[in-house]
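Architecture at a glance
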Amino acid sequence: MLLHTIYLIAIVAEAMSGAIMGMRRGMDLFGICMIGAVTALGGGSIRDVLLGHYPLGWIAHPEYLLFTIGAAVVTAVVARHLHHLRAVFLLVDGLGLVAFCVIGCDIARAQGMHPAIVVLAGLITGVFGGLLRDVLCNQIPLVLQRELYATVALFTGALYVGLLWLRLDPALAVLASIGAGLAFRLLAMRFHWQLPNFDTSRVRGFE
Amino acid sequence: MLLHTIYLIAIVAEAMSGAIMGMRRGMDLFGICMIGAVTALGGGSIRDVLLGHYPLGWIAHPEYLLFTIGAAVVTAVVARHLHHLRAVFLLVDGLGLVAFCVIGCDIARAQGMHPAIVVLAGLITGVFGGLLRDVLCNQIPLVLQRELYATVALFTGALYVGLLWLRLDPALAVLASIGAGLAFRLLAMRFHWQLPNFDTSRVRGFE
Amino acid sequence: MLLHTIYLIAIVAEAMSGAIMGMRRGMDLFGICMIGAVTALGGGSIRDVLLGHYPLGWIAHPEYLLFTIGAAVVTAVVARHLHHLRAVFLLVDGLGLVAFCVIGCDIARAQGMHPAIVVLAGLITGVFGGLLRDVLCNQIPLVLQRELYATVALFTGALYVGLLWLRLDPALAVLASIGAGLAFRLLAMRFHWQLPNFDTSRVRGFE
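Within the UniProt record for chain A, the comment given under Sequence similarities (unreviewed entry) is "Belongs to the UPF0126 family." Note on chain A: under the UniProt heading Subcellular location (unreviewed entry), the record states "Cell membrane".

**Observations concerning the relation of the copies chain A and chain C**
Between chain A and chain C, which share one sequence, the superposing operator has a rotation angle of 120° and an axial displacement of 0.0 Å; the RMSD is 0.0 Å. In short, the pair behaves as if placed about a three-fold rotation axis. In terms of proximity to the rotation axis, the leading residue of chain A is Asn138 of chain A, whose C-alpha is 3.8 Å off the axis. Mapped onto chain C, only 14% of the interface residues of chain A are again interface residues, and the two copies thus contact each other with different surfaces.

**So, the UniProt feature "domain: Glycine transporter" (unreviewed entry) in chain A**
In the numbering used here, UniProt assigns the "domain: Glycine transporter" (unreviewed entry) feature to residues 6–79 and 91–163 of chain A. Helix and strand shares over residues 6–79 of chain A are 85% and 0% respectively, and the end C-alpha atoms of the span are 23 Å apart.

**Points about empty space enclosed by the protein**
In this structure the tally under the stated criterion is 5 cavities of 30 Å³ or more. Size it by volume and the second largest cavity reaches roughly 70 Å³. Every residue lining the second largest cavity is listed: Asp134, Val135, Asn138 and Gln139 of chain A, Asp134, Val135, Asn138 and Gln139 of chain B together with Asp134, Val135, Asn138 and Gln139 of chain C. Of all the secondary-structure elements, those providing two or more residues to the lining of the second largest cavity are α6 (115–136) of chain A, α6 (115–136) of chain B together with α6 (115–136) of chain C. Classifying every residue of the lining of the second largest cavity gives 3 nonpolar, 6 polar and 3 charged.

**Things to note about the relation of the copies chain B and chain A**
Rotating chain B by 120° about the axis while translating it 0.0 Å along that axis superimposes it on chain A, leaving an RMSD of 0.0 Å. Interface overlap between copies is the fraction of interface residues in one copy that are interface residues in the other; for chain B against chain A it is only 15%, indicating separate surfaces.

**As for the UniProt feature "transmembrane region" (unreviewed entry) in chain A**
All names here are of chain A. Those places that UniProt annotates as "transmembrane region" (unreviewed entry) correspond, in this numbering, to residues 6–22, 29–46, 58–79, 88–110, 116–136, 148–165 and 171–188. Along residues 29–46 one finds 100% helix and 0% strand; the C-alpha atoms at either end are 24 Å apart. Helix makes up 91% of residues 58–79 and strand 0%, and the two end C-alpha atoms of the span are 26 Å apart.

**Focus on the interface of chain A and chain C**
Opposite the 37 residues of chain A that make contact, chain C presents 36 residues. Approximately 3300 Å² of surface area, both sides summed, lies buried where chain A meets chain C, with 70% of it carried by carbon and sulfur atoms. For the chain A face of the interface with chain C, the top three residues by lost area are Arg24, Asp28 and Phe30 of chain A, together amounting to 19%. Applying the counting criterion to the chain A and chain C interface returns 0 salt bridges. On the surface where chain A and chain C come into contact, there are 3 residue pairs in polar contact (both at pLDDT 80 or more). Those elements that place two or more of their residues in the side of chain A that touches chain C are α1 (2–24), α2 (29–51), α3 (57–60), α4 (63–82), α5 (86–110) and α6 of chain A. Per-element accounting of the side of chain A that touches chain C gives the leading share, 8 residues, to α2 of chain A. In terms of residue class, the side of chain A that touches chain C is made up of 25 nonpolar, 5 polar and 7 charged.

Basis of the calculations
Residues numbered from 1 in each chain as written. Chains lettered and ligands numbered in written order. Predicted model: local features only at pLDDT ≥ 70, side-chain atom pairs only at ≥ 80, totals over all residues. Heavy atoms only, no water. UniProt positions renumbered as here; feature names shortened; annotations may be inferred. Least-squares fit on C-alpha atoms with pLDDT ≥ 70 in both. Contact = heavy atoms within 4.5 Å. Helix = DSSP H or I, 4+ residues; strand = E, 2+ residues; numbered from the N terminus. 1 Å grid on protein atoms, 1.4 Å probe; cavity = no way out; pocket = protein on both sides within 12 Å on 5 of 7 lines; lining within 4 Å. Points joined across faces, edges and corners; volume = space filled by probe spheres on them. Nonpolar A, V, L, I, M, F, W, Y, C, P; charged D, E, K, R; others polar. Buried area = accessible area lost by both parts, 1.4 Å probe. Salt bridge = Lys/Arg side-chain N within 4 Å of Asp/Glu carboxyl O. Polar contact = N/O pair within 3.5 Å; in protein donor to acceptor, adjacent residues only side chain to side chain.

Structure (C-alpha cells):
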C-alpha cells in the first residue's frame, strides 16, 4: 500500500533528523539511536497512549524499531556526506510530516473520534516526535517557534477530514491531502512564511 | 453543576498562564495555543493515562480544547492590558489549582483507588499541567522550586478525602476543600511561605 | 522473593539519586520528593503505559511511593554525610539498574511480547526514570551521553531473554543476568568504557 511505503520513508527521515540533532549534542551511539527512534516513533506513541489505542505501532511491528535504529546508525556513520543531501532531506522530512498526519487521522477515525480529535490526532502524530526530540536535547521545541510546520499538519489533517466528509474516494483523499500539504510545506520554507509572534515586553510583572 | 463551572474557569486560567509563558519565550501563535492547551489539559491527561481512565476528558469533550485555545488567542491579543488584572489572575489560578485537585480526586475515587492514590491523582491534576508547560519552555518546573503550590494541592486533596471519609455531604466537602485550599494558597502567596530548601554544597562528588 | 527485595533496594537507590540531583538544583522539599519518586518509579510507569499494562505498579502498591518519598526525605536530611557512601551508592545504583531491567523483561514476557520488545521493556524500565529526572532538572539526559549505562541494560535484558530461551531455570537466569550485568556495569565504570561519539563539525548546515 502507498501510505505504508510513505510511512516507512517518513520514519527513516525522522530518525535521521533525530540522529543529527543527537550528534550535535555530543551524544554517544546509544543516545543517537534512541533520539532517532523517539523522533520517528514518539509522535505516534503519544497519539496512541492519549487515544488508548493499543498495542502501539512499534510494539505490534518491532521491525519499525529496527528501521529507525538502522537509519540512526547509518546517519552517524555517513553524516559528513549528508550535507550534499540537504534538499532531499528537507523534502523527505516534509513528506514524512504530511504522511504521519494522514496516518494519525486514519487511526482516530477508525476509533470513531470527533472530527476535531481526528485532526488533532494527525497533528500530534506529525509534530510530537520532533517535540520529544527537542525536549530530550534540552531546547525549546522548534515546532513551537518556527516556520509553518505545525500549521502544515493542521492544514493537511483538516483537508483530509474535509475531503472524506465530501465522500471523496479515500485513496484520492490521501493523495490530494499529501500533495497539497507537501506543497504548502515547501512554499512555506521557500518564502519563509511565519505565524505572528507577539510582543512580550508588555507582559512584565506576570508570573 | 458548580464544580463543572469552576473547572471551565480553571482551564481558561491555566491556558492563559501557559500562553503568557509561551509569549515570553518568543513562540509563534501555534506555540502559544499549544502551550495554553497543554498547561490547561496536561495535568488531567497525565492523570488519566496513569490511571488507565479512558477516554481522556478533552477527547470526550473537544469543546474544552476550544476554550483553552480561545483563551490562549485572546491572551496573546490583549496581553498588553493584562498586567492590570494580575490580582484577578492569581486568584483565578489558585481557584483552578484547588478545583483541578478536587476533580482529580473524584475521578480516582470513582475508580475505587486507594486513598493515597486519590490524593495523588488530585495533586497530579493540579500541578502537572504547569510542569509540562515548564518542560516545553525549557526551564526547571516552578512547582519543584517555589512557594507552596504543590503543598496546597496535597492539602486540598487530603482534606477532601478526609471530609468524605467522615461522611460529610459531598457538595459540602467540595466547597469546604476548595475554600480552605484557596485560603491556604492566598495566605502562602501573601506571606511568602516556603518549604525548606537544602544546602547542597555538601553533596559534591556525588554521582 | 529475591527479585522483589532487590526491587525495593533499587527504588530506594534511584529515589536517592533523584533527590540528590533535585537538591543540587535548589528544589524545595516537595520537589526533592517528587524527583525522587519520578526517578524511582518513572521508568516502570512509562513501560506500563507503553505496553498498556494496568494498573501501574505504584498504583497497585502505594507503599512503593512511601518508600521512595521516605528515601528522598532521608537523603535530604543526611546528604552531608552521604559522600562517605559514594562507593556503596554506585554499587546499589548499578544493582538497581540491572534489577529494574530483569523486572521489566518479566512484565513484557508475561504479556506475550516479541523478544525485541521484551528486551526494550527492560531497557525502558532501567533507564527512563533517570531520563525523566534529567528532563525535569533541565539537562540533557546523562544516559544519552555517558558511559555504558543503557548498554548495560541492553546487555542484561538480552542475556536474560537468551538464557530463558535456552530453557535455563528462571531463578538461575535472574541471578546470572543480574550478576553478569552488574559486573559489566562495574567494569565499565572502573575502566571508563564508552560508546563512540561522532564528530559533528561536519554536519553544519543541517536542519
